[in-house]
Amino acid sequence: MLLRRAHNLVCYWRDGAFVIQNYLGGSEVSLAPMAADLLAAFTDWTTVDEAVTMFPDHDPDSCRGALAELHAYGFLVSEDERERDDRLAEHWETWSPEAGALHFSSKDAPYTESPEVNEDFRAGKRPALFKNYPAADRILLPRAPLDVDAGFVRTLYGRRTHRAFRQVDLPLPVLSGLLAMVFGPSEFLDGRDFGALMKRTSAAGGSRHELEAYVAVSAVEGVTPGLYHYNVLEHSLELLDPAFTRERAAHLSFDQEAVAEAPVTVFVTAVVERMSSKYRAPRAYRVMLMNAGHLGQTFALTATALGLGPFQTAAFRDSELEDALGVDGIAETALYVLAAGIPAGDRQDAEPTAGLDAFRHAALYPADHAS
């Protein structure tokens, strides 16, 4: 049987032990440093017998046993096992091992609260909230706000994270506007050598716009509940799974009630090649995460301006979510969960906010708002 060293390995010392980690497969073990020599023999496809001959000073049976162990841990792959390993090399080659190790080793982490950390926090063992330089000269700034658009100021300071929503259907024009303003194109530019480039209302490094939106609808007027993909160019919802429920969305988000109650949840993914094809250094992975943050803030502010309550979380079951979306987790991987709905107030039968009513009227009767 031919074997080759897996592409997705990192080695390091921890507490005096030599550790080998397969960050794609999740295995991490402490081995003798000689294991690195054994792995080095499998840069190309090699048989066990061929590799054993490279170590004449070691017992052949011991070498075979060590190689069997390395194969079992996924540090060596056979030709039958190479597909996922090759896909990682294809899509993450220029970002690995730095970005690949960070991304894949942090996937599928359990979302739990640490009582030790929380107890320390409550006991006052926490970092200072503000930083200052006591010996520095100071210029006290005026606290009066600048004369900017009052609506924007209200939106900016009115943004809150909401975790409870009214159980009413969201108007379709509101969902349409939210998706268009956050995920849709605001303009197209001539990128010359890079071709036509799309702009969104959020900053995006290199205008690569690697982020995709998968929309779980549970309560929107005129829309059959299910899981959809937002087609950016066409401004449409493409039905992927009509059996997808809000309970499923909540489970994939570690059973958070905010997702269970929200009429709309958006799962944000990244198509890695859109970014890596232009930016080859692993630092671009940091830019990709920043882009998701930019888009999440735009989502929160836009939802607030529409009278909705936004919610965002990074707590989700990576592999299960990617399976539900139909993406492989390598070429396209889940990054963020966003949700929105009409906030629950003291009066559950209250009318939607003025901002929501105004936007709905504008969407239904655009002539009244033409400039």
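Let me sum up the structure you'll find in this document.

### Some words on the layout of surface pockets
Alright, step 1. By volume, the largest pocket amounts to about 320 Å³.
Alright, step 2. As for the largest pocket, its lining consists of 17 residues, of which S106, A314, F316, D318 and L335 are closest to the centre.
Alright, step 3. Taken together, the elements giving at least two residues each to the lining of the largest pocket come down to α12 (283-305) and β14 (332-341).
Alright, step 4. The class makeup of the residues in the lining of the largest pocket is 13 nonpolar, two polar and two charged.
Alright, step 5. In this structure, the second largest pocket encloses a volume near 160 Å³.
Alright, step 6. In terms of lining residues, the second largest pocket is bounded by A6, N8, N22, L24, G25, H71, G74, L76, V77, E81, R84 and D85.
Alright, step 7. Of the residues in the lining of the second largest pocket, the class split is four nonpolar, five polar and three charged.

### Looking at empty space enclosed by the protein
Alright, step 1. Taken as a whole, this structure holds two cavities of 30 Å³ or more when the rule is applied.
Alright, step 2. In terms of lining residues, the largest cavity is bounded by R200, S202, A203, A204, H209, E210, L211, N291 and L295.
Alright, step 3. Residue composition of the lining of the largest cavity, grouped by class: four nonpolar, three polar and two charged.
Alright, step 4. Quantified by volume, the second largest cavity comes out at close to 50 Å³.
Alright, step 5. Forming the boundary of the second largest cavity are A216, V217, S218, G226, F244, T245, R246, A249, V259, A262 and T265.
Alright, step 6. Listed by contribution, the elements that provide at least two residues to the lining of the second largest cavity are β9 (211-217) and α9 (246-252).
Alright, step 7. When its residues are assigned to classes, the lining of the second largest cavity shows six nonpolar, four polar and one charged.

### Focus on helix α13 (residues 318-325)
Alright, step 1. Those residues of α13 not exposed but buried are D318, L321, E322 and L325. Projected onto a plane normal to the axis of α13, the buried residues spread over an arc of 100 degrees and lie on a single side.
Alright, step 2. Where α13 ends, the next residue or the one after it, G326, has phi of about 80 degrees, a positive value.

### Topic: the pattern of salt bridges
Alright, step 1. Scanning the model with the defined rule gives twelve salt bridges in all.
Alright, step 2. In this structure, E28 and R14 form a salt bridge, with 2.6 Å as the shortest nitrogen-oxygen distance. Of this pair, E28 sits in strand β4 (residues 27-30) while R14 sits in strand β2 (residues 9-14), and the two are 14 residues apart along the sequence.
Alright, step 3. Residue E28 is classed as partly exposed on the basis of its relative accessible area of 37%.
Alright, step 4. Classification of R14 as partly exposed rests on a relative accessible area of 41%.
Alright, step 5. The closest approach of N and O atoms between E212 and R274, which form a salt bridge, is 2.7 Å. Here the residue E212 occupies a position in strand β9, and R274 occupies one in helix α11 (residues 272-276), the gap between them amounting to 62 residues.
Alright, step 6. Overlapping salt bridges, with partners in common, bring together R4, R82, D85 and D86 in one network.

### Overview of helix α4 (residues 82-92)
In an α-helix, one turn spans 3.6 residues; hence positions three or four apart end up facing the same way.
Alright, step 1. Burial in α4 covers these residues: D85, L88, A89, H91 and W92.
Alright, step 2. If you follow the buried residues of α4, they end up packed against β1 (2-5), β6 (76-78), α5 (98-105), α11 and α12.

### Brief notes about a nonpolar patch on the surface
Alright, step 1. On the surface, a cluster of nonpolar side chains totalling about 560 Å² of accessible area is made up of L146, V148, F152, L156 and Y157.
Alright, step 2. Tracing the backbone shows L146 in the loop between α6 (115-122) and α7 (150-158).
Alright, step 3. Residue class for L146 comes out exposed when judged on its relative accessible area of 72%.

Scoring rules and cut-offs
- Residues numbered from 1 in each chain as written.
- Predicted model: local features only at pLDDT ≥ 70, side-chain atom pairs only at ≥ 80, totals over all residues.
- Heavy atoms only, no water.
- 1 Å grid on protein atoms, 1.4 Å probe; cavity = no way out; pocket = protein on both sides within 12 Å on 5 of 7 lines; lining within 4 Å.
- Points joined across faces, edges and corners; volume = space filled by probe spheres on them.
- Helix = DSSP H or I, 4+ residues; strand = E, 2+ residues; numbered from the N terminus.
- Nonpolar A, V, L, I, M, F, W, Y, C, P; charged D, E, K, R; others polar.
- Buried < 20%, exposed > 50% of the residue type's maximum accessible area, 1.4 Å probe, protein only.
- Arc of directions from axis to C-beta.
- Salt bridge = Lys/Arg side-chain N within 4 Å of Asp/Glu carboxyl O.
- Contact = heavy atoms within 4.5 Å.
- Patch = residues over 30% accessible without salt bridge, like charges linked within 9 Å, V, L, I, M, F, W, Y side chains within 5 Å.
- Areas by Shrake-Rupley, 256 points an atom, 1.4 Å probe, with all protein chains shown as cover.

All quantities given are derived from atomic positions and should not be read as evidence of function.
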